[in-house]
Amino acid sequence: MPYPMIHLEVAYRLSDRYDWLEKKADFLLGSVAPDAVHFHENYHVHSKEISHVWDCGPVWGVTLDSKKWKNNILAFWKQHREDAERDFIAGYCVHLLTDWLNDLRMWAPFRMKIIQGGNYDEVYSQSAYREEANGFDKWMYRHNVHTEEIWRLLAKGRVQGLHERMLAEDLGRQKESLLTEQYLDAAAYDISKYQYYTKELIDSFMTECVAVIEKELR
């Protein structure tokens, strides 16, 4: 699924399209929060299935019922859209819907073509797809015109947990890592020869995410 910069940029573009949004910083932090489970001391892939309201296949990364996943996300939003922390939860759902679209448009076609029933973890860990996803994320941090404002808002976002799907302490570690660690080597990446994560493809993908998600989260 997308690395943080795509999630943050999609959320940033959406943040001016909701007239009900009051806490933009919380919205931005919410847009990375489902992946905070990676910062849990005893991380297990099942925790990602929980944080992403996903129960649509044998294991995370192998979605067999995309419609069910989307319906899960929209049901989650409907259930919590009136909560006090609505803006954070809205950002959380932006992340989930971006992952859902990424799975539909990019990951599932790659998985079915390249992996073809092979060992998921082994093939993905050694794939150019993963390398390009990481490299594009680092490149985008340096070249995205909104990065400075996104980072300002991210720093202000209030750390919180969410309905037993992810823990506040994990989100706190994730936020600190984003702000101070993950992008220290961001200047070293060249995407000019990428096959899966080209600038044109990702620009188109993010535009679609904004158009689709804006209509779903009302």
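Each remark here, short or long, concerns the structure printed above.
Residues numbered from 1 in each chain as written. Predicted model: local features only at pLDDT ≥ 70, side-chain atom pairs only at ≥ 80, totals over all residues. Heavy atoms only, no water.

A closer look at the packing of helix H8 (residues 147–156) against helix H9 (residues 168–180)
Stage number 1. Here H8 crosses H9 at 150°, and the two axes come no closer than 10 Å. Looking at the two axes, H8 sits roughly antiparallel to H9. Between H8 and H9 lies a crossing whose hand is left-handed. Listed contacts from H9 to Trp151, Leu154, Ala155 and Lys156 of H8 are Lys175, Leu178 and Leu179.
Stage number 2. In the contact of H8 with H9, the residues fall into five nonpolar, no polar and two charged. (Axes fitted to C-alpha atoms, helices over the stretch in contact; angles between N-to-C directions. Helix = DSSP H or I, 4+ residues; strand = E, 2+ residues; numbered from the N terminus. Parallel < 35°, antiparallel > 145°, perpendicular 65-115°, else oblique. Left-handed = near helix turned anticlockwise from the far one by under 90°. Contact = heavy atoms within 4.5 Å. Nonpolar A, V, L, I, M, F, W, Y, C, P; charged D, E, K, R; others polar.)

Examining the state of the cysteines
Working definition: the covalent bond between the sulfur atoms of two cysteines is a disulfide.
Stage number 1. This structure, assessed with the given rule, holds zero disulfides.
Stage number 2. Among the cysteines around Cys56, which has no disulfide bond, Cys93 carries the closest sulfur, lying 15 Å off.
Stage number 3. The class of Cys56 is buried, set by a relative accessible area of 4%. (Disulfide = S-S within 2.5 Å. Buried < 20%, exposed > 50% of the residue type's maximum accessible area, 1.4 Å probe, protein only.)

Points about the nonpolar core
Stage number 1. By size, the foremost hydrophobic cluster in this structure holds 66 residues, and its most contacted members are Val10, Phe27, Trp69, Met166, Tyr197 and Ile213.
Stage number 2. For this core, the elements supplying multiple residues, two or more each, are helix H1 (4–15), helix H2 (24–30), helix H4 (66–80), helix H5 (86–115), helix H7 (128–143), H8, H9 and helix H10 (199–216).
Stage number 3. Broken down by element, the residue count for this core peaks at 13 residues, all from H5.
Stage number 4. If we skip the residues at most four places from it in the chain, Trp69 touches Met1, His52, Val53, Trp54, Cys56, Trp60, Thr63, Leu96, Asp99, Trp100 and Asp103. (Core = buried A, V, L, I, M, F, W, Y, C linked by side-chain atoms within 4.5 Å.)

Quick word on H7
For an α-helix the count is 3.6 residues per turn, leaving residues at separations of three or four pointing the same way.
Stage number 1. The terminal C-alpha atoms of H7 lie 22 Å apart, and with 16 residues this matches the ideal 22 Å at 1.5 Å per residue to within 8%.
Stage number 2. For H7, the set of buried residues is Tyr129, Glu132, Ala133, Gly135, Phe136, Asp137, Lys138, Trp139, Met140 and Tyr141. (Expected span 1.5 Å × (residues − 1).)

Brief notes about the packing of aromatic side chains
Stage number 1. Summed over the entire model, instances satisfying the criterion amount to 17 aromatic pairs.
Stage number 2. Summarising the aromatic geometry, the rings of Tyr18 and Phe27 are spaced 6.5 Å apart at their centres and angled 80° between planes, so their arrangement reads as edge-to-face. The same class applies to Tyr18 as to Phe27, namely buried.
Stage number 3. Ring plane angle 85° and centroid distance 5.5 Å describe the contact between Trp151 and Tyr183, whose orientation is recorded as edge-to-face. With Trp151 in helix H8 and Tyr183 in the loop between H9 and H10, this pair connects stretches of sequence that are 32 residues apart. Of the two residues, Trp151 and Tyr183, neither departs from the other in class, the shared state being buried.
Stage number 4. Aromatic rings pair up to connect Trp107, Phe110, Tyr129, Phe136, Trp139, Tyr196 and Tyr197 into one cluster. (Phe/Tyr/Trp six-rings, centres within 6.5 Å; stacked < 30°, edge-to-face > 60°.)

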